[in-house]
Amino acid sequence: MASGKKSGSGKHEQGVNGRRSSKRKEGPIVMDTKAVFAAVYDVCEENAAFFSSSPKGSAGGAVRRLVDAMRTIQEHARNLEPVVSGFAAIYHHFDFDPHIPANGYRSLVKVVRCCLLHIVHKGRYISSSRRSIFFRVAHNASEMEAYSNALCQLRALLYLAQRLLHDNSHGNLFFQEENGLNQSFIREYASMHKGCFYGRCLGFQFTPSIRPHLQTMAIGLVSFSENYRKHQSGLDEAGGTAPYGVAASSLFTSGKYAIDPELRGAEYERITQNLDVHFWKSFWNITETEILASLASMTSVQVKVNRMLLVPGVAFDLPLVADPKVSVTIAPPTAHIGPAPIQMRLISYELREGQDSEELLAMCRSEGGSMSLSLGLKTKRSPPSPWLLVHYHGGGFVAQTSKSHEPYLKSWSQDLNVPILSVDYSLAPEAPFPRALEECFYAYCWALKNSHLLGWTGERVCLAGDSAGGNLCVTVSMRAACHGVRLPDGLVAAYPATLLTAYASPSRLLTLMDPLLPFSVLSRCLNAYAGVEPNPEKQVEKVSTLSMVRRDTALLLRDFRQGASNWIQSLLDQHRPTANAACWRLWALLRRPLTLVMSSLHSPSSASSSDAVRKSVSEATLSSPHSDPPVPPKEPSDFSARKDSLKSRTCQDLGTHLNSTHTAPLLSECTPEDVSFFLPPPPDASTSSALSSMAIPPPGGSEEGSENPCEFPVGFEPLRSEQLADIPPQDSPIVKNPYMSPLLAPDSMLQALPPVHIVACALDPILDDSVMFAKRLRSVERPVTLCIVDDLPHGFLSLSQLSRETREATNICVERIREVFQGKDATAPPLPTNGHRKLERTNAVPADLLQNDQDIAQDGADHGGVFGGQTIPEEGAGLTGEGEKMAEGEGPAGLVAASNLGDTKEIGA
């Protein structure tokens, strides 16, 4: 079990990579921090001296800007050098394992180094091209100003990280107090300038192959926002007519943002600071529009089974693991919106026995005809699979469905030769916690009960999910343990969110610059999932009556087409139990929405009427086949009272089954005494001294009671935004519920979890969630592995088709799932596999900035496989040493370390 010992580390690392390069026998190569800073000083000084002495001419203003930017970069670098060197000496104390060098402090230092390397590259390009007649002084001045601004903001983040060192306990990455540093972090984020990270510097910290795609997404986001404000519709979050039309019109306005990075950065910053969660829901669901979904489907693996299921919410019994003769009743989800069918998607590369049964087909929902064609073909049926993968998609609990994640799920079904059941749980803010947890748990239990319908023998089952889905994997397993039903054989969580509070951590400081997960967006998603009501002043503007009728009519026609398709199919098969129900659904589609549309023309409250129309149209096709479609309530007060009653129920209340004979005991609400957040060994004197030398107390201006608190040393102030970010306070105590934030769960709940495999990103703002959760599992002696993927952003699974690096990172998740199915011990080193190819580094740095880490080990510099130099984009004269690769440790794409349950040696010793 003690796989982290030195005797097994060599075999372990070789198994992760599949092969070992002979050129690394002398030790891994790392960046020399001193050489990087020296290169920055030299290139800035040389260029500043040249342009200061050259004749100004017509470009005098641009020349002055360039010289000023060079001087400012030098100033920031001189202040950053001792801070970066200090962090490099102590950040290994916060790693999960000596073989897994990853935590938020490392990530911050890596980002600073990446910024410096880009500055060195830009400076050397200027030096080699400044005498050319094609040299553009203004363009290069703007480039250097952008990186100067980015370096200034990174300097501010490192100051905040030093505050975290001062206020946190040894080995802990999160500040757990409600006020103090957390409030300071939110206040600084709201006022600090962020546009420099979204313009010319967009994605500079990530692998080069992903940066063009991030730039395209940023251009699409700001263009979508401009048209979204014009159309202000708030229609069908699942990719209906309005988002499609806004996306189409955005193509005509994207050009100006493509050619003007400063405009794009300013607009991107405005969007992340002000727009509400409904905008992000609409934008993230663009991939589910018909055209984009069709393109993704054509480029993905073709599978024999891809069916949408509507499983009615009916209570059923499952046997208890402790005593199979006794059963527990699994109640259907009821929180917030009452009983409703649960949507799931069944994906299988092969058609297996039971997947075309009448019982399953009765629950199928047509998605446009492709499914009907596959059902009509005489396809050979394979025997049931011994494995089943239950998948929960990501999307911040507020957006996306299984359709957005289809491409990589199809690939997984082929690679693993396994059926996949992906759950389309209800989304916030319409259905906040615990509705998603209820539906995911019910879907898992339904799969256990109905294995014969899924092409599964019932032998081994694995849960998998990314981001919010990773959170649900953990909480579903916790709830299964509390009910006493069968646990999954393991779970694989990709970059999971395990702490949904506003606690500050070093990795969460990266939300200031992350293009995919800004803090304000993250905060809005978490508040929506917690059920915090939106600010009434920020409601979506009302649309005109004519616009409402036109768009709702388009939705009506779409649902009418779908209802007619279902009706025709039911008539062709008279033995299907849904034949009569389909006729009633079609009649409801014709009758109810048109009545409501006409009545809305005469209603003074167009906003509430339009909401009723949209709900009636969408719910009509999703209603149970055994009942009429729901009628919008005539008494809003009755509906509000019912909703509030449902909303007040907690996850524990929902676990109580009123009609069951035997119920599983649920754990009581955890108390602070029950939670051991993380208790590392007490640091020795030398460690305490090193940490104290880097930690800084709050500056004098931030004393309690000060009207204008100052978080930074005298003489330094980061750049500020013209408009403060609107970050709603997180005042709901439900975010500390262990079923919402599993990192805060008591030891007794974590001890019941199955083997956990975590795949995290080194540059992810929620990296510390994964590191600390892995530490907590190890502290309660649960099998856990942690794999760190380098140089990729949060959400890389959804980008798996865009680059080789994302595909290789996705394959790591596949290997972890395969280990669960094969029953490998999560505490043992993974065996070598021929299918997993080592991810080659594309990160090149100048040869003069590299040195052997054996020469600087005593200084506490990097020693691992997470942090390497960034590839500098080609622009004119490149850096020397083209093609040289930065190699640190044995796992460039990701290193895996199993929890060392038998080794009590201090981390980093």
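Not measured: the values here are computed from a predicted model.

**Considering the overall build of the chain**
Next, step 1: When helices and strands are counted, the chain shows 27 helices and 14 strands.
Next, step 2: Every one of the 909 residues in the chain was classed for burial, and the buried ones make up 59%.
Next, step 3: Taking all contacts inside the chain whose residues are at least 6 apart in sequence as the whole, residues at least 24 apart take part in 84%.
Next, step 4: About 35,500 Å² of surface is accessible on the chain, with carbon and sulfur atoms providing 55% of the total.

**Section: the pattern of salt bridges**
Next, step 1: Within the structure shown, the criterion is met by 25 salt bridges.
Next, step 2: Linking glutamate 46 and arginine 130 is a salt bridge whose minimum nitrogen-to-oxygen distance equals 2.4 Å. Residue glutamate 46 is found in helix H2 (residues 33-53), and its partner arginine 130 is found in the loop between helix H4 (104-129) and helix H5 (137-167); the two are separated by 84 residues along the sequence.
Next, step 3: Among the salt bridges present, the one from lysine 110 reaches aspartate 790, with a minimum N-O distance of 4.0 Å. Of this pair, lysine 110 sits in helix H4 while aspartate 790 sits in the loop between strand S12 (784-789) and helix H27 (804-822), and the two are 680 residues apart along the sequence.
Next, step 4: Judged by its relative accessible area of 3%, lysine 110 is buried.
Next, step 5: Residues joined in a network through salt bridges with shared partners are Lys122, Glu143, Arg200 and Glu262.

**Notes on a nonpolar patch on the surface**
Next, step 1: Residues Ile291, Leu292, Leu295 and Met298 make up a contiguous nonpolar surface patch of roughly 390 Å² in combined accessible area.
Next, step 2: Examined against the element boundaries, methionine 298 turns out to sit in helix H12 (residues 290-299).

**What to know about the packing of aromatic side chains**
Next, step 1: Overall, the coordinates contain 23 aromatic pairs when judged by the stated rule.
Next, step 2: Here tyrosine 147 and phenylalanine 204 contribute two aromatic rings whose centre-to-centre distance is 6.3 Å and whose plane-to-plane angle is 75°, an arrangement assigned as edge-to-face. In this pair, tyrosine 147 sits in helix H5 while phenylalanine 204 sits in the loop between helix H6 (181-191) and helix H7 (211-231), placing the two residues 57 residues apart along the sequence. Residue tyrosine 147 shares its accessibility class with phenylalanine 204, and that shared class is buried.

**Concerning unusual backbone geometry**
Backbone geometry follows two general trends: most residues other than glycine have a negative phi, and most peptide bonds adopt the trans configuration.
Next, step 1: Between alanine 428 and the following residue, proline 429, the backbone shows a cis peptide bond with an omega angle of 5°.
Next, step 2: When you line up the elements, proline 429 lands in the loop between strand S8 (420-424) and helix H16 (435-449).
Next, step 3: At histidine 336, a position not held by glycine, the phi torsion is positive, near 70°.
Next, step 4: On the secondary structure map, histidine 336 appears in the loop between strand S4 (327-330) and strand S5 (342-348).
Next, step 5: Owing to a relative accessible area of 3%, histidine 336 belongs among the buried residues under this scheme.
Next, step 6: The phi dihedral of tyrosine 495 is positive, around 35°, even though this residue is not glycine.
Next, step 7: Relative to the helices and strands, tyrosine 495 is located in the loop between strand S10 (490-494) and helix H18 (519-530).

**Quick look at the confidence of the model for the chain**
Next, step 1: The predicted model of the chain averages 74 in pLDDT, with 62% of residues at 70 or higher.
Next, step 2: Scored below 50 in pLDDT, residues 368-377 makes 10 contacts in the model with residues more than four places away or belonging to other chains.
Next, step 3: Counting interchain partners and residues more than four positions distant, the pLDDT-below-50 stretch residues 852-909 has 217 contacts.

**Some points on the nonpolar core**
Next, step 1: Counting residues in each nonpolar core, the largest one holds 197 residues, and the members touching the most others are Phe87, Tyr392 and Trp446.
Next, step 2: No other element matches the 17 residues that H5 contributes to this core.
Next, step 3: With near-sequence residues (within four places) excluded, tryptophan 446 lies in contact with Leu309, Val311, Phe316, Met344, Met363, Leu421, Leu453 and Leu454.
Next, step 4: Counting 30 residues, the second largest nonpolar core, distinct from the first, contains Cys761, Phe796, Val814 and Ile817.

**Description of the packing of H16 against helix H17 (residues 468-483)**
Next, step 1: Between H16 and H17, the shortest axis-to-axis distance is 9 Å and the interhelical angle comes to 65°. It follows that H16 is roughly perpendicular to H17 by the angle criterion. By crossing handedness, the relation of H16 to H17 is classed as right-handed. Across from Ala436, Leu437, Glu438, Cys440, Phe441 and Tyr444 in H16, the residues of H17 making contact are Leu472, Thr475, Val476, Arg479, Ala480 and His483.

**Considerations on the packing of helix H3 (residues 60-90) against H5**
Next, step 1: Look at H3 against H5: their axes get within 8 Å of each other, and the N-to-C directions meet at 25°. The orientation of H3 relative to H5 falls into the category roughly parallel. Considering how the two elements wind past one another, H3 and H5 form a crossing that is left-handed.
Next, step 2: A class-by-class count of the residues in the contact of H3 with H5 yields 21 nonpolar, seven polar and three charged.

**Regarding the environment of leucine 80**
Next, step 1: Position of leucine 80 relative to the elements: it lies in helix H3.
Next, step 2: For leucine 80, a relative accessible area of 1% gives the class buried.
Next, step 3: Taking the C-alpha atoms as reference points, leucine 80 and leucine 158, 78 residues apart in sequence, are found 8.4 Å from one another.
Next, step 4: Other than its neighbours up to four places away in sequence, leucine 80 contacts Phe37, Val112, Leu151, Arg155 and Leu158.

**Things to note about the pairing of strand S9 (residues 456-466)**
Next, step 1: By the bridge criterion, seven bridges tie strand S7 (residues 385-392) to S9 in an arrangement that is parallel. Paired with serine 385 across the strands is tryptophan 456, a residue of S9.
Next, step 2: Pairing of S9 with S10, which is carried by five bridges, proceeds in the parallel orientation. Residue pairing in the sheet places aspartate 466 in a bridge with alanine 494 of S10.
Next, step 3: The β-α-β motif built from S9, the intervening H17 and the parallel element S10 has right-handed crossover chirality.

**A few points about H27**
Next, step 1: With 19 residues, H27 ought to run about 27 Å at 1.5 Å a step, and its terminal C-alpha atoms sit 27 Å apart, in line with that.
Next, step 2: Counting buried positions along H27 yields 14 of 19 residues, so the element is predominantly enclosed.
Next, step 3: At the C-terminal side of H27, glycine 823 shows a positive phi close to 75°.

**Focus: the side chain of serine 467**
Next, step 1: Within the secondary structure, serine 467 sits in the loop between S9 and H17.
Next, step 2: Those residues in contact with serine 467, other than ones at most four positions away along the chain, are Gly394, Ala494, Tyr495, Pro496, Ala497 and His794.

**As for the pairing of S12**
Next, step 1: Across the six residues of S12, six count as buried, placing the element largely inside the fold.
Next, step 2: As defined by bridge partners, strand S11 (residues 756-761) adjoins S12 across six bridges and the pair is classed as parallel. What sits directly across from isoleucine 758, in S12, is leucine 786.

**Quick look at the environment of histidine 118**
Next, step 1: Relative to the assigned elements, histidine 118 resides in helix H4.
Next, step 2: By relative accessible area, which is 1% here, histidine 118 ends up buried.
Next, step 3: Along the chain, histidine 118 and tyrosine 147 lie 29 residues apart, while their C-alpha atoms are 8.1 Å from each other.

Conventions we followed
Residues numbered from 1 in each chain as written. Predicted model: local features only at pLDDT ≥ 70, side-chain atom pairs only at ≥ 80, totals over all residues. Heavy atoms only, no water. Helix = DSSP H or I, 4+ residues; strand = E, 2+ residues; numbered from the N terminus. Buried < 20%, exposed > 50% of the residue type's maximum accessible area, 1.4 Å probe, protein only. Contact = heavy atoms within 4.5 Å. Areas by Shrake-Rupley, 256 points an atom, 1.4 Å probe, with all protein chains shown as cover. Salt bridge = Lys/Arg side-chain N within 4 Å of Asp/Glu carboxyl O. Patch = residues over 30% accessible without salt bridge, like charges linked within 9 Å, V, L, I, M, F, W, Y side chains within 5 Å. Phe/Tyr/Trp six-rings, centres within 6.5 Å; stacked < 30°, edge-to-face > 60°. pLDDT = per-residue confidence, 0-100. Core = buried A, V, L, I, M, F, W, Y, C linked by side-chain atoms within 4.5 Å. Axes fitted to C-alpha atoms, helices over the stretch in contact; angles between N-to-C directions. Parallel < 35°, antiparallel > 145°, perpendicular 65-115°, else oblique. Left-handed = near helix turned anticlockwise from the far one by under 90°. Nonpolar A, V, L, I, M, F, W, Y, C, P; charged D, E, K, R; others polar. Pairing = 2+ DSSP bridges. Right-handed = clockwise from strand over helix to strand, strands pointing away. Expected span 1.5 Å × (residues − 1).

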